Amino acid sequence: MDIRIDYDFLAWKKIIHERIPFYYAGNINSVVTIVDKYYGKNIEEISHSIGCTINNLTGNFSSILDFGDIIIAFTDRVRSYPVFYKIDSGEVAVSNSIYNLGGSDFDEISVSEIRSTKYVTGKATLYKNIFQLQAGECLIYSKLTLDYSIIKYERYFSDQVFDFNESRMLESLSSSVDSIFTRLVSDLNGREVWIPLSGGLDSRFILCKLLSYGYDRIKTFSYGPKGNHDAKWAKYVANKLSVPWEFINYSRKSSYNFFWSEKRKEYWKMASNGCTVPFMADEQAMHYLTEKYSATDYSDIVVINGQSGDFISGDHVCGNHLLELDPYKTYDSEIVVNAIILKHYGLNKGLNINNQDWIEGKIIDTIGLKPGRYTGELIAKYYELWEMSERQSKHVVNGQRSYDYYGIDWFLPLWEKEMVDFWKKVPYKYKINQNLYKKYLRSNNWFGLFDGFNPSVWQWQGVGMANIPIAKIIELVSGQNTKNKYYELAGYFGRYSHNYAPFGLMKHIRDIDIYGKNPWGRYADQLLLELKKGKNDD
């Protein structure tokens, strides 16, 4: 078995521990735990308990271990650092970079899927015969028998929910959060924290919680088009807390220039790793900040963002056929599949996704959903299982590559073990509109920034606010569909205008019936063009 490690921009390191070479990214203590416990054990002993051991670890990590006759590779519960493997005539090669495994031919289903969703689901990648370890998976390979197995040790799913009252759930959540932040403050060890601060709850929560622990070596920053409401409220919060704050303007010109730069193309290739369109929210800001401070060593800096507090606390089970679920009534399993397709498979209207049966098959395989009827409680949990396994782990969490690219450490406290274990057992009714999470924040109300403070973050800024009354008039005169078309066109000037800037207004108008209001479909096509060109240039 070949182990092929790429150390460029990917946060991976090699160390020798007790004469054992191993490769890792993230929390080294968690990885050392596995080495100390399983080195010298036979493959049956390892397979029997390693999943449980990994699942009890904290922090974000991935690793590839060489135990002589046995190779072990694993990701953490949210796939913080991707790991890939290739199977060829019984031989297995494993790497932290898909490009080290020699993929040349695209898988056509994967190509269609990334154009539809912006990521490839399941174990597949864009390349034939190259696969990815998914969230909560461990690969064990025997050099003696050439056999390998994949252990699934964690799924964001529980068919049991808490049966105690809201007050006790709030106590349990508070205990979990305190455990996480006590450990986080210790792990930070006095380093400077950079927080991408928005107008939402999650980054504000992290900032306030750190300050409540007396940790004040913090800088905050916001970004986007000038005048956006996220930045407006982030500035207000930072000023109220006397925390340094900086705004990075994503103007059309700067966004255009950055997108077509070699720096962005290099980042995309690294961050995509053949399975996702790179998350672009922080990348331009990190480029600006690292150039401004121009350090050669960022070991004294840690980035902490709010991913993915909105999802884990239930925000994504609202809408898409799920909002009106009664947790005790039963529903046909198709409601889950339809909700996923409606929400996640619509980036490219030209693909006619509704007529492609393979999508339904992949969704069912991913979450292990059998045809039948399920309670509303389980319907919501199957939906969350799919989104966590796919969109969250492969696209949103993969946004941490924005920090890896510049050699900056990071933490994801809202995806820590305690949070995952807690939220997957919270009943559906407490997740609608993030009911329990918001009550927890209001009851603590750190620095007076949660109870009664509910800033509105609008889609539009400046003169763009005029789009709201204009759209209402259009709806009255011409109906809902015409209003929706108007909003698709006007999106070019909205909160995410920087995402449209690289391709220009005329292309946006010309291709509105293909990509609609969402620029990610165009990004997916651009990624495929660049990967094909790179392969042809090699």
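Structural data are supplied above this passage.
Scoring rules and cut-offs
Residues numbered from 1 in each chain as written. Predicted model: local features only at pLDDT ≥ 70, side-chain atom pairs only at ≥ 80, totals over all residues. Heavy atoms only, no water. Core = buried A, V, L, I, M, F, W, Y, C linked by side-chain atoms within 4.5 Å. Buried < 20%, exposed > 50% of the residue type's maximum accessible area, 1.4 Å probe, protein only. Helix = DSSP H or I, 4+ residues; strand = E, 2+ residues; numbered from the N terminus. Pairing = 2+ DSSP bridges. Axes fitted to C-alpha atoms, helices over the stretch in contact; angles between N-to-C directions. Patch = residues over 30% accessible without salt bridge, like charges linked within 9 Å, V, L, I, M, F, W, Y side chains within 5 Å. Areas by Shrake-Rupley, 256 points an atom, 1.4 Å probe, with all protein chains shown as cover. Salt bridge = Lys/Arg side-chain N within 4 Å of Asp/Glu carboxyl O. Lys, Arg positive; Asp, Glu negative; His and termini not counted. Charge placed at Lys NZ, Arg CZ, Asp CG, Glu CD. Right-handed = clockwise from strand over helix to strand, strands pointing away. Parallel < 35°, antiparallel > 145°, perpendicular 65-115°, else oblique. Left-handed = near helix turned anticlockwise from the far one by under 90°. Contact = heavy atoms within 4.5 Å. Phe/Tyr/Trp six-rings, centres within 6.5 Å; stacked < 30°, edge-to-face > 60°. Lys NZ or Arg CZ within 6 Å of the ring centre and 35° of its normal.

Chemist: Can you walk me through the nonpolar core in this structure?
Modeler: One broad trend across soluble globular proteins is that nonpolar side chains are buried collectively. If you look at the biggest cluster of nonpolar residues, it comprises 114 residues, and the most contacted ones within it are F205, L210 and W423. Residue contributions to this core peak at eight residues, all from helix α4 (residues 166–188). Y331, I335, Y345 and L385 belong to the second-largest nonpolar core, a separate cluster that totals 27 residues.

Chemist: How should the sheet that holds strand β7 (residues 91–95) be read in this particular structure?
Modeler: The strands making up a sheet associate through backbone hydrogen bonding, with each pair oriented either parallel or antiparallel. Spatially, the four strands line up as an open sheet ordered β1-β7-β6-β8, and their pairing is mixed. Bordering the open sheet on either side are β1 (2–4) and β8 (130–132), each of which pairs with just one other strand. Strand-to-strand twist of the sheet, defined as the mean angle between neighbouring strand axes without regard to direction, takes the value 25°. Here strand β6 (residues 84–88) runs beside β8; their pairing, made up of three bridges, is antiparallel. Pairing of K86 across the sheet is with I130, part of β8.

Chemist: How should I be thinking about a negative patch on the surface in this particular structure?
Modeler: Residues D332, E334, D357 and E360 make up a contiguous surface patch of negative charge. Assignment of secondary structure puts E334 in helix α11 (residues 334–344). By relative accessible area, E334 is classed as partly exposed at 49%.

Chemist: What exactly am I supposed to notice about the pairing of strand β11 (residues 192–196) here?
Modeler: Looking along a regular strand, one sees side chains alternate from face to face of the sheet. Of all five residues in β11, five are buried; the element is thus mostly enclosed. The sheet contact formed by β11 and strand β14 (residues 301–304) spans three bridges and is parallel. Across the sheet, residue W194 finds its bridge partner in β14, namely V303. Note that β11 and strand β12 (residues 218–224) share four bridges and pair parallel. Looking across to β12, one finds that W194 is bridged to K219. Running through helix α5 (residues 202–212), the crossover from β11 to the neighbouring parallel element β12 is right-handed.

Chemist: Help me understand the packing of helix α1 (residues 28–38) against helix α2 (residues 43–55), please; the structure alone is not making it clear to me.
Modeler: Taken N-terminus to C-terminus, the directions of α1 and α2 make an angle of 155°; their axes are 11 Å apart at the nearest point. As the angle between them shows, α1 and α2 are arranged roughly antiparallel. Judged by the twist between their axes, the crossing of α1 over α2 is right-handed. Of the residues in α2, those in contact with I34, K37 and Y38 of α1 are E45, I46, S49, I50, T53 and I54.

Chemist: How should I be thinking about the packing of aromatic side chains in this particular structure?
Modeler: Aromatic ring pairs are defined here through the distance separating the ring centres and the angle between the ring planes. Taken as a whole and assessed by the stated rule, the structure comprises 45 aromatic pairs. Aromatic side chains Y223 and Y250 sit 5.2 Å apart centroid to centroid with 10° between the ring planes, which places their arrangement in the stacked category. Within this pair, whereas Y223 is found in strand β12, its partner Y250 is found in the loop between β13 (245–249) and α7 (252–259), the two being separated by 27 residues in sequence. Assessed through its relative accessible area of 2%, Y250 is described here as buried. When the centroid spacing of 5.9 Å and the interplanar angle of 35° are considered together, the rings of F311 and W415 count as tilted. With F311 in helix α10 (residues 309–312) and W415 in the loop between β17 (409–411) and α15 (417–423), the pair connects residues that are 104 residues apart, well separated along the chain. Residue classification places F311 among the buried residues on the basis of a relative accessible area of 0%. We classify W415 as buried; its relative accessible area is 1%. One aromatic cluster in this structure is built from F162, F164, F181, F205, F422, W423, Y437, Y440, W446 and F450. When the ring centre of F131 is taken as origin, the NZ or CZ atom of K123, which lies over that ring, is 4.9 Å away.

Functional significance is not addressed by these values, which are geometric in nature.
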